[in-house]
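Structural characterization, general
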Amino acid sequence: MVLCALRWIRPGRAGLGRIVGLRPFSSSLRDLQRSIDPAHLQFDVALFPPLEPPPSTRVDPFNLVEPDLRPLADSLKDLVGVDHPVLNKVARHFFDMQGKRFRPTILLLVSQALGTPRDSPVFSAQKRLAEIAEMIHTASLIHDDVIDVSDMRRGARSVHKIFGNKVAVLAGDFLLARASVLLARLGDVKVVELMATVLEDMVHGEMMQARAEPEDLVTFEHYTLKNYLKTGSLISLSCHSAAVLTGAPHDSALAVSARDYGRHFGVAYQLVDDLLDFTASEEQLGKPALADMANGLATAPALFAAREFPEMNNIIQRRFSQEKDLEAAYDYVQRSDGIAKSRRLAEVHMQLALQNLHIMPGTDQQVKGALVQLCHDVLNRRA
């Protein structure tokens with residue numbers, strides 16, 4: 001994701017100008033440890049028992065929140081209503097092709113698990129938060145497709161392929177601006193701070209990916225932190241914000257339980273996404289398979305494979321740039337335990353997510369059952 005904004009430029013030497021008041025980006029781990037300690041994402045998988053199977057009576061998470069989720073699509077289109085017809089068309093095009101809306105579903109379920117009555121003003125604020133989170137997510141996808149030069153998104157042409165890069169970037173910026181206005185209207189300074197941190201995290205995650213040193217590319221610490229910043233932060237801090245909207249202190253056990261459910265769910269979600277790049281077909285993914293490595297990115301299956309085949313480290317560090325690097329890396333992954341270990345790591349993150357449910361005071365067991373089922377649905381998804 002990239003954020004574009006107006007900057008105050010002061011003339012400098014040789015008439016080039018210089019940017020005032022902006023801290024330069026850094027991709028170092030030290031400078032990126034703001035919203036999370038990377039140590040909280042590292043643990044020994046062997047210490048965890050196997051993941052328990054889902055409940056025998058399945059609760060469909062999406063059906064459970066459908067009464068609240070159904071109006072969300074129209075509400076989002078109304079919220080992004082703008083006089084400029086092109087921006088309006090871009091936003092509506094992207095919202096029309098959205099999938100199951102995992103993030104709003106998680107937020108609506110976590111809000112109820114926190115004990116919020118569905119007919120309360122607090123739940124109305126939490127629903128608005130779910131809409132804001134989806135707008136931020138949508139903006140990040142539009143920007144990511146520009147950065148990655150991706151032609152397809154969910155089987156359809158990317159926004160920038162239809163409208164051009166300039167319009168795509170502006171449309172993403174507009175969504176972030178509109179989300180910021182709606183966020184301010186919630187009237188909770190701590191929630192504004194948490195969701196602003198999401199935007200900062202997304203940019204830092206993108207800079208980590210773009211400016212990583214070769215030695216960073218082969219470490220799980222760098223990979224996991226980058227994934228959290230780019231993907232997990234939005235889910236984690238949105239859930240955290242939902243708890244704060246109930247009146248809970250941001251550092252209370254209740255707020256932390258919501259944050260940690262979202263944190264580990266988000267990391268697991270991205271791990272499965274990275275796994276599918278090796279196991280799903282182009283038709284299932286709606287984009288080319290092995291797209292991550294084609295973009296020079298090593299994900300969990302490749303990093304695990306490199307532990308078994310150290311010669312793969314050189315391929316990763318040169319970002320799969322030589323002829324036949326992709327073919328060789330794919331072969332190493334298939335010959336290794338990289339796929340199985342990546343899946344196991346995702347399962348452990350889901351276990352850590354589920355440990356937080358008993359702290360949430362909501363008494364509707366269907367809601368908590370749906371949050372359990374959602375974890376298993378993510379682990380078992382095929383696209």
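Use the structure listed above.
This one's a predicted model, so the numbers in the text were calculated from it and none came from an experiment. (Residues numbered from 1 in each chain as written. Predicted model: local features only at pLDDT ≥ 70, side-chain atom pairs only at ≥ 80, totals over all residues. Heavy atoms only, no water.)

For the rest of this paragraph, the subject is the overall build of the chain. When helices and strands are tallied, the chain shows 17 helices and 4 strands. Here the chain, with 383 residues, has 54% of them falling under the buried criterion. Counted over contacts in the chain with a minimum sequence separation of 6, partners at least 24 positions apart contribute 76%. Of the roughly 17500 Å² of accessible surface on the chain, 52% is carried by carbon and sulfur atoms. (Helix = DSSP H or I, 4+ residues; strand = E, 2+ residues; numbered from the N terminus. Buried < 20%, exposed > 50% of the residue type's maximum accessible area, 1.4 Å probe, protein only. Contact = heavy atoms within 4.5 Å. Areas by Shrake-Rupley, 256 points an atom, 1.4 Å probe, with all protein chains shown as cover.)

Our next topic: the packing of helix 16 (residues 338-354) against helix 17 (residues 365-379). Helix 17 packs onto helix 16 with a crossing angle of 170 degrees between their chain directions and a minimal axis gap of 10 Å. Taken as axis vectors, helix 16 and helix 17 run roughly antiparallel relative to one another. Contact residues: Arg343, Ala346, Glu347, Met350 and Leu354 in helix 16; Leu371, Val372, Cys375, Val378 and Leu379 in helix 17. Per-class residue counts for the contact of helix 16 with helix 17 are 8 nonpolar, no polar and 2 charged. (Axes fitted to C-alpha atoms, helices over the stretch in contact; angles between N-to-C directions. Parallel < 35°, antiparallel > 145°, perpendicular 65-115°, else oblique. Nonpolar A, V, L, I, M, F, W, Y, C, P; charged D, E, K, R; others polar.)

Here we come to the environment of Lys166. Its location among the elements puts Lys166 in helix 7 (residues 165-185). Spatially, the C-alpha atom of Lys166 lies 9.3 Å from that of Val146, the residues being 20 residues apart in sequence.

Turning next to unusual backbone geometry. Of note, Arg319 is a non-glycine position whose phi angle comes to about 60 degrees, a positive value. Assignment of secondary structure puts Arg319 in the loop between helix 14 (312-317) and helix 15 (325-335). One non-glycine residue, Phe320, lies in positive phi territory at about 55 degrees. Take Phe320: it is sitting in the loop between helix 14 and helix 15. A residue is classified by how much of its surface remains accessible, and Phe320, at 7% relative accessible area, is buried.

Take the packing of aromatic side chains next. Each aromatic ring pair is characterised by the separation of its centres together with the angle its planes make. For the structure shown, the criterion picks out 7 aromatic pairs. Taken together, the aromatic side chains of Phe62, Phe102 and Tyr269 make up a single cluster linked through ring pairs. The residue whose ring lies beneath Arg103 is Tyr269, and the NZ or CZ to ring-centre distance is 5.4 Å. The positively charged end of Arg381 is found above the aromatic ring belonging to Tyr269, 4.2 Å away from the centroid. (Phe/Tyr/Trp six-rings, centres within 6.5 Å; stacked < 30°, edge-to-face > 60°. Lys NZ or Arg CZ within 6 Å of the ring centre and 35° of its normal.)

Next up on the list: the pattern of salt bridges. Counting across every chain of the model gives 13 salt bridges. Note that Arg263 and Asp260 form a salt bridge whose closest N and O atoms lie 3.8 Å from each other. Of this pair, Arg263 and Asp260 both sit in helix 10 (residues 253-279), separated by 3 residues, roughly a single helical turn. As far as the burial class goes, Arg263 and Asp260 line up, both buried. Note that Asp331 is salt-bridged to Arg335, the shortest N-O span being 3.0 Å. Residue Asp331 and its partner Arg335 are located together in helix 15, separated by 4 residues, close to a single helical turn. Asp331 sits in the partly exposed class, given a relative accessible area of 36%. Within the structure, one salt-bridge network assembled from shared partners comprises Asp68, Arg118 and Lys127. (Salt bridge = Lys/Arg side-chain N within 4 Å of Asp/Glu carboxyl O.)

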